[in-house]
Amino acid sequence: MSVSISDYNSVKEPSKYKAKQFTITSGSGMSASVITYGALITSLIVPDRDGKMADVMLGLKGLDEYMANGANHGSVVGRSANRIAGASFMIKGEEYHIPANEGPNNLHSGNPAYQNVFWEGKTVSEEETNMIIIESGIAGIAESDGEAVVLSYNSPDGACGFPGNLYTRVLYAWLEDDTFLIMYIGKSDKDTIFAPTNHSYFNLGGHDSGYVGEQLLMINSDRITIKDDLNCPDGRTADVEGTVFDCREYRFMSELIESKDPQITMSSGIDQNWCLKTVPGTFSFAASLTDPKSGRTMECLTDLPGIQIYAGNHLGGSSDQKGDRPYKPYDAVCLEAQMVPNSVNLPQFASPVISAGQTVFHVCGYRFV
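Source: prediction; values computed, not measured.

> Explain the environment of P112 to me, please; I cannot follow it from the model alone.
Along the chain, the position of P112 falls in the loop between β10 (106-107) and β11 (120-124). Along the chain, P112 and R79 lie 33 residues apart, while their C-alpha atoms are 9.8 Å from each other. If we ignore the near neighbours within four places in the chain, the residues touching P112 are V117, Y153, A159 and C160.

As structure tokens, then:
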């Protein structure tokens, strides 16, 4: 595996903004490109059953387009991904208020947040990458397949109302078992929330191949979190048995997209968190997406307790999308490994709060099989 570095600019000229792009190529010829804005993934190129390569990551034309778009294509999202009810929370008896940017709730932290700032980037050797993996203490991660990339950002105390100077690193690496690894590393000088995710939009037929209804999804979960009328988990859960949410065996995405279940129609399509049967501290199987037409299958693995499945319900309406074919709703699937949404206010779930001085690791990986 090797890493190449290039300038990443806008298709619009002139632009005052510039970023770096790192392209990581695996030993088997797969590649992923990430940029220093939003720590986001711009492309993910993998083979179909016949060895034909295609980019399975939806995205935009250039840097200004990413900066102007609110869909968080490929971005690392945080400090706190997903929703926090009432845009407020308490840590050790102190109440914190953050931006109410989705009705009375907070969605994806606000601005400045991970997805809308510039990060520092560098290449790291295979040896350094494996040392980071070992340091994480997370079991079950294969060894690195060569060089990797680390992006870093210091979120200052008070950013969007969150406490603590939170120093974050994200490791992107190909592993020897054809997994594209995303490792999040956080350390703060105050107790704070550290609950990132990656918001990539996948279409295993190719980024411009359209509706994903005929792709199949499996999830290692027997419960979902229930959303209130404002689309935010309120602490209730429900067994998936006998419902459209039962994805313990493969289910067509069309069933989730087109269901009339109130939890789905309130979001104009699937946008739901499943409680995973992952093992804390272990790189565990979370979900699998497969495209019968191309033969591509992608497994999602993580140590995190939840996964948000979102089918790009609000995609489209922009000419800034990469390629010549405009994206439409339901042209992609997001598999967002994460802490349970709103868990800072729901003590029955694992807490997203990390202690001052503690270094915390979380991982998500997309394995192509």
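Continuing now.
> Just checking my understanding: could you explain the pairing of strand β22 (residues 284-290) for this structure?
Within a regular beta strand, the side chains point alternately toward one face of the sheet and then the other, so they alternate between its two faces. Where burial is concerned, most of β22 is hidden: six out of the seven residues are buried. Of the strand pairs in this sheet, strand β17 (residues 216-219) and β22 are connected by four bridges, and their pairing is antiparallel. Following the sheet pairing, L217 is matched in β22 by L289. Between β22 and strand β23 (residues 297-302), which follow one another and run antiparallel, lie six residues, and G295 among them has a positive phi close to 85°.

> Would you explain the packing of aromatic side chains in this entry?
Ring pairs (aromatic) are described by centroid distance and by the angle formed between their planes. The full count for this structure, using the stated rule, is 14 aromatic pairs. Aromatic pair W119 and Y153: ring centres 5.7 Å apart, planes at 45°, arrangement tilted. With a gap of 34 residues between them, W119 in the loop between β10 and β11 and Y153 in strand β12 (residues 148-155) connect regions that are remote in the sequence. Look at W119 and you get buried, because its relative accessible area is 4%. For Y153, a relative accessible area of 13% corresponds to the buried category.

> Please clarify how the pattern of salt bridges should be interpreted in this entry.
Once the charged atoms of two side chains with opposite charge are near each other, the side chains can pair. This model, assessed by the stated rule, comprises 13 salt bridges. Of the charged contacts, one joins K322 and D55 as a salt bridge, the two residues approaching to 2.7 Å between their closest N and O atoms. With K322 in the loop between β24 (306-310) and β25 (334-338) and D55 in strand β5 (residues 53-55), the pair connects residues that are 267 residues apart, well separated along the chain. When sorted by exposure, K322 lands in the same class as D55, which is buried. Here D246 ties to R248 by a salt bridge, and the two come within 2.8 Å at their closest N and O atoms. Classification of D246 as buried rests on a relative accessible area of 18%. Here the salt bridges share partners, and the residues they tie into one network are R83, E102 and D271.

> It is not clear to me how the nonpolar core should be interpreted in this structure. Could you clarify?
Note on soluble globular proteins: their nonpolar side chains tend to be buried together. Core analysis: the biggest nonpolar cluster contains 74 residues, and L44, Y172, W274 and L335 have the highest contact counts within it. Aside from chain neighbours lying at most four places away, what touches L335 is S200, F202, L217, A287, L289, M298, C300, I307, Q308, I309 and Y366.

> Quick question: what am I supposed to make of the pairing of strand β8 (residues 88-91) here?
Here β8 runs beside strand β9 (residues 94-97); their pairing, made up of four bridges, is antiparallel. Among the inter-strand pairings, M90 is bridged to a residue of β9, identified as E95.

> Can you help me understand the sheet that holds strand β21 (residues 271-276) in this one?
Remark on secondary structure: sheet strands pair via backbone hydrogen bonds, oriented parallel or antiparallel. Overall, antiparallel pairing links the five strands, which are arranged β19-β18-β21-β24-β25 in an open sheet. Since the sheet does not close on itself, it has two edges, and those belong to β19 (233-239) and β25, each with one partner. If you compare each strand with its neighbour and ignore which way they point, the axes differ by 30° on average. Judged from the five bridges that link them, β21 and β24 form a sheet pairing that is antiparallel.

About the cut-offs
Residue indices begin from 1 for each chain and proceed along its sequence in written order. A pLDDT threshold of at least 70 governs which residues receive local features in this predicted model, and a stricter bar of 80 or more applies before side-chain atom pairs are shown or counted, although totals over entire chains, interfaces and linings include all residues. With hydrogens and water set aside, each side-chain value is computed from the structure's full complement of heavy atoms. Secondary structure follows DSSP: runs of H or I at least 4 residues long count as helices, runs of E at least 2 residues long count as strands, and numbering of each begins at the N terminus. Whether two residues are in contact is decided by their heavy atoms: any pair within 4.5 Å suffices. The classification of residues rests on relative accessible area computed with a 1.4 Å probe and restricted to protein chains. Under 20% of the type maximum is buried, over 50% is exposed, and intermediate values are partly exposed. Following DSSP output, two strands are said to pair if at least two bridges run between them. Between the rings of Phe, Tyr and Trp (Trp by its six-membered ring), a pair exists once the centres lie within 6.5 Å; its type follows the angle of the planes, with under 30 degrees stacked, over 60 edge-to-face, and the other angles tilted. A side-chain nitrogen of Lys or Arg and a carboxyl oxygen of Asp or Glu constitute a salt bridge if their distance falls within 4 Å. In plain words, nonpolar cores are sets of buried Ala, Val, Leu, Ile, Met, Phe, Trp, Tyr and Cys residues tied together by side-chain atoms within 4.5 Å. Between N-to-C directions, angles cover 0 to 180 degrees, with each direction set by a line fitted to C-alpha atoms, over the stretch in contact for helices.

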